[in-house]
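Take a look at the letters that make up each chain.
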Amino acid sequence: MTVRQLCDPETIRKILGEHGFRFSKSKGQNFLIDPSVPLRIVEEAGIDASTGVVEVGPGIGCLTSALAGAAGKVVSIELDETLRPVLAGTLAEYENVEVVFGDVLKTDLNALVREKLDGLRPVVAANLPYNITSPVITAFLEAGCFEEITVMVQREVARRMDAKAGTADYGAFTLMVQWYAETQLLFDVPPHCFMPAPKVVSSVIRLRRRQTPPADVQDEALLFRTIRAAFNQRRKTLVNALGSGFGELTKEQITAAVTSCGLDERVRGEALTMAQFAAVSDAIARTKKLC
């Protein structure tokens, strides 16, 4: 079926009714009913015949069909088994689409790409279920096998990924995303573009994999431990927040590590850039070696 057919509310109701399908809030199911949105996602993602796409949560297949019209191959991961007969019908004409039923968070993404997208440029393009956005984004980035990730998520989550130091949206998730990728907000999608209409505005964001990390650091795991500690109690000063996260160090040692980086001991973690967090992490590493 075409993108326009699969975005038509009456067609959607008819198909779902034939299969007794009911929307699941717990699975974050909101199907697109504006055909311009999936077509724009395909355009913004630069999908062409050399591209192998991993999609998550195809729904009835609206975005899937748009991707299939441009990509070399589309592998769509769907958790809801009740959509199996629906997708078998709506995507029957697309020979370059394979639907894999299972939990994306339990999927070996590198193995999936090697097995099913060999020889193609691997990317992600998806209208992500709201309830698993952060862990799925993390899994995609940590897999390290995707050149670009273009996804539709809640606008507040997209803004967190694209946030700058010193803003309210800036946090540990921001820094994790930006460690792996360069971010670019593309466009917003209002609630009326979905069935059922969500209570929030969505945004499409592109994450382009970095070839090298944005900062030099001695110990990447320690860097992320430092970042998490800083934002676990973000209203506290960085020194006090790190005190809770590094119980093996004294407050005096932490203060010395922070100030050795040219930072005021009263600074809060939300004010630090990635490079400054890397410097603090390295200072903590040096301190721990002396203990």
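Located above this text is the structure these notes cover.
Heads up: these notes are all about the structure in this document.

Cut-off values and rules
- In this numbering scheme, every chain counts its residues from 1 along its sequence in written order.
- For this predicted model, a pLDDT threshold of at least 70 governs which residues receive local features, and a threshold of 80 or more governs which side-chain atom pairs are given and counted, while totals over whole chains, interfaces and linings are taken from all residues.
- Calculation of side-chain values draws on the structure's entire complement of heavy atoms; hydrogens and water are dropped beforehand.
- Any cysteine sulfur atom paired with another within 2.5 Å is treated as part of a disulfide.
- Put simply, DSSP H or I for four residues or longer makes a helix, DSSP E for two residues or longer makes a strand, and each gets a number counted from the N terminus.
- Only protein chains enter the area calculation, which uses a 1.4 Å probe; residues under 20% of their type maximum are buried, those over 50% are exposed, and those in between are partly exposed.
- Orientation is described by axes fitted as lines to C-alpha atoms, over the contacting stretch for helices, and by angles from 0 to 180 degrees between their N-to-C directions.
- Working rule for angles: under 35 degrees goes down as roughly parallel, over 145 as roughly antiparallel, 65 to 115 as roughly perpendicular, anything else as oblique.
- In this description, contact between two residues means that some pair of their heavy atoms is separated by no more than 4.5 Å.
- Residues are grouped as follows: Ala, Val, Leu, Ile, Met, Phe, Trp, Tyr, Cys and Pro are nonpolar; Asp, Glu, Lys and Arg are charged; every other residue, Gly included, is polar.
- Geometry of aromatic contacts follows a simple scheme: Phe, Tyr and Trp rings, the Trp one being its six-membered ring, pair when their centres are within 6.5 Å, and the pair is stacked under 30 degrees between planes, edge-to-face over 60, tilted otherwise.
- Throughout, the arc means that of the directions going from the helix axis to the C-beta atoms.
- Two strands are said to pair when DSSP picks up at least two bridges between them.
- In protein, a polar contact requires one atom able to donate a hydrogen and another able to accept it; more generally it is a pair of N or O atoms within 3.5 Å, and residues adjacent in sequence count only if both atoms are side-chain atoms.
- One side-chain nitrogen of Lys or Arg within 4 Å of one carboxyl oxygen of Asp or Glu is enough to make a salt bridge.
- The positive count covers Lys and Arg only, the negative count covers Asp and Glu only, and His and the chain ends enter neither.
- With a 1 Å grid spanning the protein atoms alone, the term cavity applies to any set of points in which a 1.4 Å probe fits but cannot get out, the term pocket to an open set with protein on both sides within 12 Å along at least five of seven lines, and the term lining residue to any residue with an atom within 4 Å of a point.
- Grid points are joined across faces, edges and corners, and a volume is the space filled by probe spheres set on the points.

Let's talk about the state of the cysteines
Cysteine pairs can be covalently joined through their sulfur atoms, and such a bond is termed a disulfide.
For step 1, the next point in the chain: Within this structure, the stated rule accounts for one disulfide.
For step 2, the next point in the chain: Here Cys-7 connects covalently by a disulfide to Cys-62, the sulfurs 2.3 Å from one another. Here Cys-7, found in the loop between helix H1 (3–6) and helix H2 (9–18), pairs with Cys-62, found in helix H4 (residues 62–68); they are 55 residues apart in sequence, far enough to count as distant.
For step 3, the next point in the chain: For Cys-7, a relative accessible area of 1% puts it in the buried group.
For step 4, the next point in the chain: Classification of Cys-62 by relative accessible area gives buried; the value is 4%.

Notes on the packing of helix H10 (residues 220–232) against helix H13 (residues 274–290)
For step 1, the next point in the chain: Their axes nearest at 9 Å, the elements H10 and H13 cross at an angle of 110°. With respect to their mutual orientation, H10 and H13 come out roughly perpendicular. Residues Leu-222, Leu-223, Arg-225, Thr-226, Ile-227, Ala-230 and Phe-231 of H10 pack against Phe-277, Ala-278, Val-280, Ser-281, Ile-284, Ala-285 and Lys-288 of H13.
For step 2, the next point in the chain: For the contact of H10 with H13, a count of residues per class yields ten nonpolar, two polar and two charged.

Focus: the packing of aromatic side chains
Aromatic rings considered in pairs are described by the distance between their centres and by the relative angle of their planes.
For step 1, the next point in the chain: Under the definition given, this model contains five aromatic pairs.
For step 2, the next point in the chain: Here Phe-231 and Phe-277 contribute two aromatic rings whose centre-to-centre distance is 5.9 Å and whose plane-to-plane angle is 40°, an arrangement assigned as tilted. Within this pair, whereas Phe-231 is found in helix H10, its partner Phe-277 is found in helix H13, the two being separated by 46 residues in sequence. Accessibility assignment for this pair places Phe-231 and Phe-277 in one class, buried.
For step 3, the next point in the chain: Cluster of aromatic residues (ring-pair linked, three or more members): Tyr-170, Phe-231 and Phe-277.

With respect to helix H3 (residues 36–44)
For step 1, the next point in the chain: Among all positions in H3, only Val-37, Pro-38, Ile-41 and Val-42 are buried. Seen along its axis, H3 keeps its buried residues to an arc of 140°; they face one direction.
For step 2, the next point in the chain: Contacts from the buried residues of H3 go to H1, strand S1 (31–32), H4, strand S6 (148–154), strand S7 (181–189) and strand S9 (202–209).

Some details on the pairing of strand S5 (residues 121–127)
For step 1, the next point in the chain: Along S5, six of the seven residues are buried, which leaves the element largely enclosed by surrounding structure.
For step 2, the next point in the chain: Across four bridges, strand S2 (residues 51–56) lies against S5 in parallel orientation. When the sheet's bridge partners are listed, Val-54 is paired in S5 with Val-124.
For step 3, the next point in the chain: Bridge analysis of S5 against S6 gives five bridges, and the strand direction is parallel.

Structural notes on the pairing of strand S4 (residues 97–101)
For step 1, the next point in the chain: Strand direction decides the pairing type here: strand S3 (residues 73–78) and S4, joined by five bridges, are parallel. Within S4, the residue paired with Val-75 across the bridge is Glu-98.

Brief notes about the sheet that holds S9
For step 1, the next point in the chain: Across the sheet, seven strands lie side by side as S4-S3-S2-S5-S6-S9-S7; this open sheet has mixed pairing. For this open sheet the edge positions go to S4 and S7, each flanked by a neighbour on one side alone. Strand-to-strand, the axes of this sheet are offset by a mean angle of 20°, without reference to chain direction.
For step 2, the next point in the chain: Across the face of the sheet, H3 comes into contact with S6, S7 and S9 while running at roughly 155° to S7.
For step 3, the next point in the chain: Against the sheet, helix H9 (residues 172–180) touches S7 and S9, its axis set at about 115° to S7.

Points about H9
Helical geometry: 3.6 residues make up each α-helical turn, so side chains three or four residues apart lie on a common side.
For step 1, the next point in the chain: Within H9, seven of the nine residues are buried, which leaves it mostly tucked inside the rest of the structure.
For step 2, the next point in the chain: If you follow the buried residues of H9, they end up packed against helix H7 (133–143), helix H8 (155–161), S7, S9, H10 and H13.

Here's the deal with the side chain of Glu-148
For step 1, the next point in the chain: Relative to the elements of secondary structure, Glu-148 occurs in strand S6.
For step 2, the next point in the chain: At 2.8 Å, the side chain of Glu-148 and the side chain of Arg-208 are in polar contact.
For step 3, the next point in the chain: The residues touching Glu-148, leaving out its near neighbours within four places in the chain, are Ala-45, Pro-122, Val-123, Val-124, Arg-206, Leu-207 and Arg-208.

Describing the pattern of salt bridges
For step 1, the next point in the chain: For the coordinates displayed, the defined rule picks out 16 salt bridges.
For step 2, the next point in the chain: Among the ionic pairs, Arg-210 bridges to Glu-182, the shortest N-O distance being 3.9 Å. With Arg-210 in the loop between S9 and H10 and Glu-182 in strand S7, this pair connects stretches of sequence that are 28 residues apart.
For step 3, the next point in the chain: Judged by its relative accessible area of 43%, Glu-182 is partly exposed.

A few points about the side chain of Glu-55
For step 1, the next point in the chain: As for its position among the elements, Glu-55 is in strand S2.
For step 2, the next point in the chain: It is Lys-73 that comes nearest to the buried, bridge-free Glu-55 among opposite-charge side chains, at 13 Å.

Focus: empty space enclosed by the protein
For step 1, the next point in the chain: Taken as a whole and judged by the stated rule, the model has one cavity of 30 Å³ or more.
For step 2, the next point in the chain: Taken as a whole, the largest cavity spans an internal volume of roughly 70 Å³.
For step 3, the next point in the chain: Lining the largest cavity are Phe-140, Leu-141, Gly-144, Cys-145, Phe-146, Glu-147, Ile-149, Tyr-180, Ala-181, Leu-207 and Arg-209.
For step 4, the next point in the chain: Contributing elements (two or more residues each) for the lining of the largest cavity: H7 and S9.
For step 5, the next point in the chain: The class makeup of the residues in the lining of the largest cavity is eight nonpolar, one polar and two charged.

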